[in-house]
Amino acid sequence: MKRSQLRDLAFGAPFSSGAALGLVLSLLLGAAAVGVWANEHRRCLDTPVPRVMLEGGRAGGAASAQQRPGDKTLGVALRLSDVLDSARLDGATLDAPEIKGVLTAHWRRQKAPFVGPEGALGRYVQHIGLERVRGQSMAERTGDSGWKPDNHLWGLDDGSFDQRESLLLPAGASWVFPLRVPGARRFHASLGLLGEGRGTLELALQSGTKREVLGRVAVSANRRWTDYELALPSGVTGELVLSLKAESGQPLIGLLGAPVLLAPGAAKAPFNVLYIIVDALRSDAVGASHEPAEDARRRAAAVPPQHAVLPRLPEVSPEIDRLAARGAVFSEAYSAAMWTRPSTIAMLTGQRASRSGVPVLELVPGTAELHSYYAHRPPLLSLSFRAAGSLTHAIVNNMYLCGYLGVGVDTGFEGLVDHRYQTLDTRRITDDTVEWLRQHHDERFTLLVNYASPHAPYVPESQFLEPIERNSAHPDHPMVRRYLGEVRKDDAAIGELLAELDRLGLRDSTAIVVTADHGETMSESHDIVAVDVARNVPSGRFTHLSTMWDEAARVALVMSLPGKIPEGKRFTNVVQNIDVFPTLLELAGLKLPDGLDARSLRPLFDGQPLPERPLLVEGRGAVALRDGHYRLIWRQPVARKLERQGTQFEKTYELYDLESDPGERQDLAAERPEVVAQLRLRIEALLSEQVASTAAPTGPGTVSLRFVTAGHARALVGHIKPAKDASPPTRFVVTPVGVDAAALEQLGLAVEINARTSTRRAIGFDIELEPPETRLEWSFTLDGRPLSEAEVFGGELGWAAPELLSGLPKGFSGTRLDSLRRAHLVPQQEQGLFVTRRGSSLLGLGLELDTNDQAQAEAQRAMEAWGYSRKSSSGGH
């Protein structure tokens, strides 16, 4: 049996382009939407994080605004985690066996990679995720009670997960901070507890022999955060002492989430930031992006654009349009990448994902990529505004921003709430954001909000879809209309946030950004799939993950900041949304980091020209460059085999003239090779502008080979040895897994194998290597038949890897092999050789992702649930 079609995961919508089938599917999806909504509606809605008054203090929140008339905006005067190396810990430590066990038992955690002190003391500053509320599991929703998700890799269970940058305080210990913070008005922290039981947290001010208790509060292991704030005496001097005492002597770890001292005028940032990302929001889905003459020109182009250009429908984005009237809209804005993780990281760093070390092809970052990202210390938006005295927080449906999950990386926010729901995420994100704004209205903040409704599957509620259906100018395909209904849903949510800013009097002091991580493919002409990237996914339409089209690369971009950004202005300059990062910094008068791929848009706001530049968009196995009216797609070998409606063909280059062909339907690469060559050189020049990568720590590595034979016992014969032209390794040890040691025979540096595969489990060999990059040769037969290229797979997701048929070849980077886990296999259904490689641990980065053989099964189920993959005809996983 060949490898399951689920093994190569890529987003693809299982929809035909036929109108009849589309209508049937739309009705089915409508029924599904009602079912999903009803199911989730029965669950209790997420409640906001409690905000409780410390004894000796007073409550915060919106109600307290009237109690502090005349206060200047409060900024962060001091973060305790930033001065931890000047503090001392009295009493129990994390090294105490019982305390260490409490920490080990909680897996939603990661040593804060960008903040806190170096060395062992840095372990006391960790990002800790607690459950806000847990809903129905993926197993319950799919009816597969035997499937148990490994949240170490994919955060799949419906629920809200609340992560805070935490100062760890073992029970029986005290943190003592020498302080002098004149003008500090308020202490704020989120409190949590790890372990079983209750404890009491005390904050005291020690000055010589005088000890003044500022506040005391009971905390319990209820698996969620409680926000606390405390009014401080005038000026804080002496020693601030934070102590935790367990009620019955239980081993506990207190969590002080983002503990800060706030003071008027302490922030250097002169305004707040509300940065809103709407997943898959195309530029032309926003009415303000349209201009009648330009729309008419595109419709009248020599090659009609079909659905690649959407009509302007006022019903779709009235709230974003009103924001544009109070700010500026960019109608020709592009994403930096074609799917969520690399594009979001690019927006938050001002760098292409490949420059900062984030993989664009692989769905799960490997060891080398994670190390490169963290060691590179990318210039994150959150860290820039943090250094300027802003509170930084994120409220999202985007687990790629959670570093403790295997698919994500940390993005430096002090707090990050991830609402993982399919339909109610918009409601919960909105309610959570409104509550957060009310609590922090008098404090300087940088807040990221990430909605996800326009991401497939499109299941808008009727109140958002019906106004679009009633407009006679609506697109004729029901799936396009459903997509626009989802846009309308998030547009209404954005309207609630903007209304709350107005109510709190924050509109004039808040920079507002609305943009997207990528667009979405709508054109029937783009019903094309990169076969080896999106195996067995039949359509490239209504997707983005493995496509490179202009319509899916162009995104909405609206910015508003009274007095700084002109009102009612529409810019047609070709820009990228990564340019928002340096633009905000320059508007705030803050220093721009070195090594950015982005550039500030402020000259446009000041009425100055902005020189044109080619724009690069990264995709899975491909890149695209827009330069003037030309756009070149350059596919790497893994993405060159394409398929449309059952017909396969290959392309390395695609060239489009966006003036005559705005829908990219007529490939000019063969006709204009000189333009292709010129644009390829520009791509190579841009990609060569990379910072020096930081190599992962050297040390021993392990290559794992696993064999499965579709439930049949086969005679496995072969050999493994270092490559002939490779330097002899200092360590070469082959250990059998699932077979008797007698199946191996050592002949010098070669190992001969004569074994039998199992009907029920995978068998194989672990090869320990020093140095880990040692090249290997191998050859295997099953019942005397040599393995074929179609039976060789690599990495924990089991990518097709025919180049590994004979070993690890020269020049093979191994990026797709490197893994924190082995591939999960189904021996009764799959056949072939599966290769993974695990190098040295990520030293000093605190990543503690457990190896779990169910990770692959979960990855597959997650991709199916999100539309990234299709179930095999056999129903296997």
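This structure is a prediction, so every number in the text was calculated from the model and none was measured.

J.: Explanation requested: the overall build of the protein chain in the structure shown.
T.: Counting secondary structure elements, the protein chain contains 17 helices and 42 strands. In the protein chain, which comprises 877 residues, the proportion classed as buried is 62%. Taking the intrachain contacts of the protein chain between residues at least 6 apart in sequence as the baseline, contacts between residues at least 24 apart amount to 79%. Summing over all exposed atoms, the protein chain offers an accessible surface of approximately 31,000 Å²; the carbon and sulfur share of this is 51%.

J.: Would you take a moment to explain the pattern of salt bridges for this structure?
T.: When the charged atoms of two side chains with opposite charge come close together, those side chains can pair. In this structure the tally under the stated criterion is 51 salt bridges. One salt bridge in this structure joins Arg-297 and Glu-659, with 3.5 Å as the shortest N-O distance. With Arg-297 in helix H4 (residues 292–299) and Glu-659 in the loop between strand E31 (653–657) and helix H16 (673–688), the pair connects residues that are 362 residues apart, well separated along the chain. As a salt-bridge pair, Asp-766 and Arg-706 come within 3.0 Å of each other at their nearest N and O atoms. Of this pair, Asp-766 sits in strand E37 (residues 763–770) while Arg-706 sits in strand E32 (residues 701–709), and the two are 60 residues apart along the sequence.

J.: Any chance you could explain unusual backbone geometry here in plain terms?
T.: With the exception of glycine, the majority of residues adopt a negative phi angle, and the majority of peptide bonds are in the trans configuration. A cis amide bond, omega 5 degrees, links Ala-456 with the succeeding residue Pro-457. In this structure, Pro-457 sits in the loop between strand E19 (445–451) and helix H11 (462–470). Residue Pro-771 is reached from Glu-770 by a cis peptide bond, and omega for that bond is 5 degrees. Checked against the element boundaries, Pro-771 lands in the loop between E37 and strand E38 (776–782). For Gln-306, which is not glycine, the phi dihedral falls at a positive 55 degrees.

J.: How should I be thinking about the sheet that holds strand E29 (residues 641–644) in this particular structure?
T.: Think of a sheet as strands paired side by side through backbone hydrogen bonds, with each pair either parallel or antiparallel. Strand order in the open sheet made by the three strands is E21-E29-E30, with antiparallel pairing throughout. Every interior strand has two partners, whereas the edge strands, strand E21 (529–530) and strand E30 (647–650), have only one.

J.: What am I meant to see in the sheet that holds strand E33 (residues 715–722) here?
T.: Reading across from one edge, E35-E36-E33-E38-E39 is the order of the five strands in this open sheet, with antiparallel pairing throughout. The open sheet has two edge strands, strand E35 (744–747) and strand E39 (785–786), and neither has a second partner. Across six bridges, the pairing between E33 and strand E36 (residues 750–756) is antiparallel. Residue pairing for E36: Gly-718 is matched across the bridge by Ile-753.

J.: Would you take a moment to explain the nonpolar core for this structure?
T.: The nonpolar side chains of soluble globular proteins are, as a tendency, buried together. Core analysis: the largest hydrophobic core is formed by 166 residues, its most contacted members being Phe-177, Phe-187, Leu-261, Tyr-275, Leu-281, Phe-330 and Leu-584. Counting residues per element, this core draws most heavily on helix H12 (residues 478–503), at 10 residues. Once residues within four sequence positions are removed from consideration, Phe-177 is found in contact with Leu-80, Val-83, Leu-84, Ala-87, Leu-167, Gly-238, Glu-239, Leu-240 and Leu-242. Grouped together as the second largest cluster of nonpolar side chains are 28 residues, Val-703, Val-739, Val-792 and Leu-804 included.

J.: How should the environment of His-106 be read in this particular structure?
T.: The residue His-106 is located in the loop between helix H2 (97–104) and strand E4 (109–111) in this model. Counting along the chain gives 24 residues from His-106 to Leu-130, while the straight-line C-alpha distance between them is 9.3 Å. Apart from residues no more than four positions distant in its own chain, His-106 is found in contact with Ile-128, Gly-129, Leu-130 and Leu-194. A polar contact is formed between the side chain of His-106 and the backbone oxygen of Gly-129, at a distance of 2.8 Å.

J.: Before we go on, may I ask you to explain helix H14 (residues 580–587) in this structure?
T.: Think of an α-helix as turning once every 3.6 residues; residues three or four places apart then point the same way. The buried fraction of H14 amounts to seven of the eight residues, a majority that puts the element mostly inside the structure. Taken together, the buried positions of H14 are occupied by Val-580, Phe-581, Pro-582, Thr-583, Leu-584, Leu-585 and Leu-587. Two residues or fewer after H14 comes Gly-589, characterised by a positive phi angle close to 70 degrees.

J.: Even after reading the chapter, I still don't get empty space enclosed by the protein, so can you show me in this structure?
T.: Think of a ball as big as a water molecule: rolled over the atoms, this probe shows where empty space is left. Enumeration according to the criterion identifies nine cavities of 30 Å³ or more in this entry. In this structure, the second largest cavity is lined by 21 residues; those nearest its centre are Arg-164, Asp-227, His-393, Trp-436 and His-440. Listing elements by their share of the lining of the second largest cavity, those giving two or more residues are strand E8 (186–194), strand E13 (253–264), strand E17 (391–396), strand E18 (415–420) and helix H10 (425–439). It is H10 that provides the largest number of residues to the lining of the second largest cavity, a total of four residues. A breakdown of the residues in the lining of the second largest cavity according to their chemical character gives seven nonpolar, eight polar and six charged.

J.: I'm lost on the packing of aromatic side chains in this one. Help?
T.: Ring pairs (aromatic) are described by centroid distance and by the angle formed between their planes. Summed over all chains, the structure comprises 18 aromatic pairs. Between the aromatic rings of Trp-549 and Tyr-656, the centroid separation amounts to 6.2 Å while the plane-to-plane angle is 65 degrees, which identifies the pairing as edge-to-face. Taken together, the residues Trp-549 in the loop between E21 and helix H13 (550–553) and Tyr-656 in strand E31 connect sequence positions 107 residues apart. Accessibility classification places Trp-549 together with Tyr-656 in one group, the buried group. Members of the aromatic cluster, connected to one another through ring pairs, are Phe-114, Tyr-373 and Tyr-374. Stacked on the ring of Tyr-421, the Lys or Arg Arg-428 has its end atom at 4.0 Å from the ring centre.

J.: Can you walk me through the packing of H10 against H12 in this structure?
T.: The angle between the axes and the distance between the axes are what describe a pair of packed helices. Relative orientation of the contacting elements H10 and H12 amounts to 10 degrees, with a least axis distance of 10 Å. Judged by the inter-axis angle, H10 sits roughly parallel to H12. Contacts from Thr-426, Arg-427, Thr-430, Thr-433, Val-434, Leu-437 and Arg-438 in H10 reach Lys-489, Asp-490, Ala-493, Glu-496, Leu-497, Glu-500, Leu-501 and Arg-503 in H12. Split into classes, the residues belonging to the contact of H10 with H12 amount to five nonpolar, three polar and seven charged.

J.: What exactly am I supposed to notice about the side chain of Gln-831 here?
T.: In this fold, Gln-831 is placed in strand E42 (residues 831–838). Among the polar contacts made by the side chain of Gln-831, one reaches the side chain of Glu-791 at a distance of 2.8 Å.

J.: Even after reading the chapter, I still don't get the packing of helix H5 (residues 318–325) against H12, so can you show me in this structure?
T.: Between H5 and H12, the shortest axis-to-axis distance is 7 Å and the interhelical angle comes to 50 degrees. In this view, H5 runs oblique relative to H12, as classed from their interaxial angle. Each of Pro-318, Glu-319, Ile-320 and Leu-323 in H5 lies in contact with H12, whose residues at this interface are Arg-488, Asp-491, Ala-492, Ile-494, Gly-495 and Leu-498.

J.: Is there a simple way to explain H5 in this structure?
T.: Here H5 lies mainly inside the structure; six of its eight residues are buried. Residues Pro-318, Glu-319, Ile-320, Asp-321, Leu-323 and Ala-324 constitute the buried set of H5. Turning to H5, the residues buried within the fold contact strand E15 (328–330), H12, strand E20 (510–515) and strand E23 (557–560).

J.: Looking at this structure, I do not really get the environment of Arg-164. What am I missing?
T.: With respect to the helices and strands, the residue Arg-164 is situated in strand E6 (residues 159–170). For Arg-164, a relative accessible area of 7% puts it in the buried group. Separated by 38 residues in the primary sequence, Arg-164 and Gln-126 have C-alpha atoms spaced 8.2 Å apart. Polar contacts involving the side chain of Arg-164 include one to the side chain of Asp-162, which spans 2.8 Å. Polar contacts involving the side chain of Arg-164 include one to the side chain of Asp-227, which spans 3.2 Å.

J.: Any chance you could explain the pairing of E33 here in plain terms?
T.: If a strand is regular, its side chains alternate between the two faces of the sheet. By the alternation rule, side chains of E33 split into Leu-716, Gly-718, Ile-720 and Pro-722, which are all buried, and Ala-715, Val-717, His-719 and Lys-721, of which none is buried. In this structure, E33 lies alongside E38, joined through seven bridges in antiparallel fashion. Within the sheet, the bridge partner assigned to Pro-722 lies in E38 and is Leu-776.

J.: For this particular structure, what's the right way to read the environment of Gly-646?
T.: Examined against the element boundaries, Gly-646 turns out to sit in the loop between E29 and E30. Taking C-alpha positions, Gly-646 is 8.0 Å from Pro-538, a pair spaced 108 residues apart along the chain.

J.: Looking at this structure, how should I read the confidence of the model for the protein chain?
T.: Low-confidence regions, as indicated by low pLDDT, have predicted coordinates that should not be scrutinised in detail. The share of residues in the protein chain with pLDDT of 70 or more is 82%, and the mean pLDDT across the chain is 83. Note that residues 691–699 has pLDDT below 50 and, in this model, 16 contacts with residues that lie over four places away or in other chains. Here residues 868–877 is modelled with pLDDT under 50, and outside its nearest four sequence neighbours on either side it reaches 42 contacts, counting other chains as well.

The rules behind the values
Residues numbered from 1 in each chain as written. Predicted model: local features only at pLDDT ≥ 70, side-chain atom pairs only at ≥ 80, totals over all residues. Heavy atoms only, no water. Helix = DSSP H or I, 4+ residues; strand = E, 2+ residues; numbered from the N terminus. Buried < 20%, exposed > 50% of the residue type's maximum accessible area, 1.4 Å probe, protein only. Contact = heavy atoms within 4.5 Å. Areas by Shrake-Rupley, 256 points an atom, 1.4 Å probe, with all protein chains shown as cover. Salt bridge = Lys/Arg side-chain N within 4 Å of Asp/Glu carboxyl O. Pairing = 2+ DSSP bridges. Core = buried A, V, L, I, M, F, W, Y, C linked by side-chain atoms within 4.5 Å. Polar contact = N/O pair within 3.5 Å; in protein donor to acceptor, adjacent residues only side chain to side chain. 1 Å grid on protein atoms, 1.4 Å probe; cavity = no way out; pocket = protein on both sides within 12 Å on 5 of 7 lines; lining within 4 Å. Points joined across faces, edges and corners; volume = space filled by probe spheres on them. Nonpolar A, V, L, I, M, F, W, Y, C, P; charged D, E, K, R; others polar. Phe/Tyr/Trp six-rings, centres within 6.5 Å; stacked < 30°, edge-to-face > 60°. Lys NZ or Arg CZ within 6 Å of the ring centre and 35° of its normal. Axes fitted to C-alpha atoms, helices over the stretch in contact; angles between N-to-C directions. Parallel < 35°, antiparallel > 145°, perpendicular 65-115°, else oblique. pLDDT = per-residue confidence, 0-100.

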